[in-house]
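Residue-level structure breakdown
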Amino acid sequence: MVTVTSTLSIASDSNTAFRDVSTSVGRDFGNEPATLAALFVSPHRANALGSFATDLIQNELAHHVIGCTAESIVGEGREIESGPACALWAIRSPGTLVHPYRATGLESHSEFIIQP
């Protein structure tokens, strides 16, 4: 059975925001890991994005994590266009294989590099 959840935090402190969203997803999934988690953060939290993703995997909340910064963060039926925000969308789909990759834009803005 496929299970999907999403959550949003606008806490001013990045660690508090991450704790809020990860606790909510963990509770929604009965502390079983998500197959894939998508983490969206406002530019205010850009420096913490990598550590947030690592923590999700190390704390066994997700098998795979993708993430990015965004100008507008959406979760729980709300859109945050200014100020700090962190949204975590997650799907649990037993038996599904996921193969994430990294796409990095080049300075030309018309090319990117793909890495497994």
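Now for a quick tour of the structure. (Residues numbered from 1 in each chain as written. Predicted model: local features only at pLDDT ≥ 70, side-chain atom pairs only at ≥ 80, totals over all residues. Heavy atoms only, no water.)

**Topic: the sheet that holds strand 1 (residues 3-9)**
- Spatial strand order, 1-6-2-3: 4 strands in an open sheet with mixed pairing. Every other strand in the sheet has two partners, leaving strand 1 and strand 3 (62-69) as the edge strands with one partner each. Strand-to-strand, the axes of this sheet are offset by a mean angle of 15°, without reference to chain direction.
- Alignment of strand 1 against strand 6 (residues 86-92), held across 7 bridges, turns out to be antiparallel. In the sheet register, Thr7 faces strand 6, and the bridge partner there is Leu88.
- Contacting strand 1 and strand 6, helix 1 (residues 14-28) crosses the sheet at an angle of about 160° to strand 1.
- Here helix 2 (residues 49-58) sits on the sheet and contacts strand 2 (34-41), strand 3 and strand 6; the angle it forms with strand 3, its principal contact strand, is near 165°. (Pairing = 2+ DSSP bridges. Helix = DSSP H or I, 4+ residues; strand = E, 2+ residues; numbered from the N terminus. Axes fitted to C-alpha atoms, helices over the stretch in contact; angles between N-to-C directions. Contact = heavy atoms within 4.5 Å.)

**Points about the nonpolar core**
- Judged by nonpolar contacts, the single largest core of 21 residues is most densely connected at Ala37, Leu39, Phe52, Leu56, Cys86 and Leu88.
- Mapped onto this core, the elements with two or more residues apiece are helix 1, strand 2, helix 2, strand 3 and strand 6.
- Residues in contact with Leu56, not counting those within four places in the same chain, are Phe18, Ser22, Ala37, Leu39, Leu61, Ala62, Val65 and Leu88.
- Core analysis: the next-biggest nonpolar cluster, separate from the first, contains 6 residues, Ala70, Ile80, Ala85 and Ala87 among them. (Core = buried A, V, L, I, M, F, W, Y, C linked by side-chain atoms within 4.5 Å. Buried < 20%, exposed > 50% of the residue type's maximum accessible area, 1.4 Å probe, protein only.)

**As for unusual backbone geometry**
- Of note in the backbone geometry, Glu60 takes a positive phi value of approximately 55° without being a glycine.
- Along the chain, Glu60 falls in the loop between helix 2 and strand 3.
- One non-glycine residue, Glu76, lies in positive phi territory at about 55°.
- Assignment of secondary structure puts Glu76 in the loop between strand 4 (73-75) and strand 5 (78-80).
- Taking the relative accessible area as the measure of exposure, Glu76 reaches 44% and is therefore partly exposed.

**Comments concerning helix 1**
- With 15 residues, helix 1 extends 21 Å from end C-alpha to end C-alpha; this agrees with the ideal 21 Å at 1.5 Å per step.
- Among all positions in helix 1, only Ser14, Ala17, Phe18, Val21, Ser22, Ser24, Val25 and Gly26 are buried.
- Looking at the buried residues of helix 1, the elements they touch are strand 1, helix 2 and strand 6.
- Measuring from the side-chain oxygen of the N-cap residue of helix 1 to the backbone nitrogen of Asn15 gives 3.3 Å; that N-cap residue is Asp13.
- The positive-phi residue at the C-terminal boundary of helix 1 is Gly30, with phi of around 60°. (Expected span 1.5 Å × (residues − 1). Polar contact = N/O pair within 3.5 Å; in protein donor to acceptor, adjacent residues only side chain to side chain.)

**Things to note about the pairing of strand 3**
- Strand direction decides the pairing type here: strand 2 and strand 3, joined by 7 bridges, are parallel. Bridge pairing in strand 3 links Leu36 to His64.

**A short note on the packing of helix 1 against helix 2**
- With their axes 11 Å apart at the nearest point, helix 1 and helix 2 run at an angle of 35° to one another. Crossing of helix 1 over helix 2 shows right-handed handedness. Where helix 1 abuts helix 2, its residues Ser14, Asn15, Phe18 and Ser22 lie against Phe52, Asp55 and Leu56.
- Counted by class, the contact of helix 1 with helix 2 contains 3 nonpolar, 3 polar and 1 charged residues. (Left-handed = near helix turned anticlockwise from the far one by under 90°. Nonpolar A, V, L, I, M, F, W, Y, C, P; charged D, E, K, R; others polar.)

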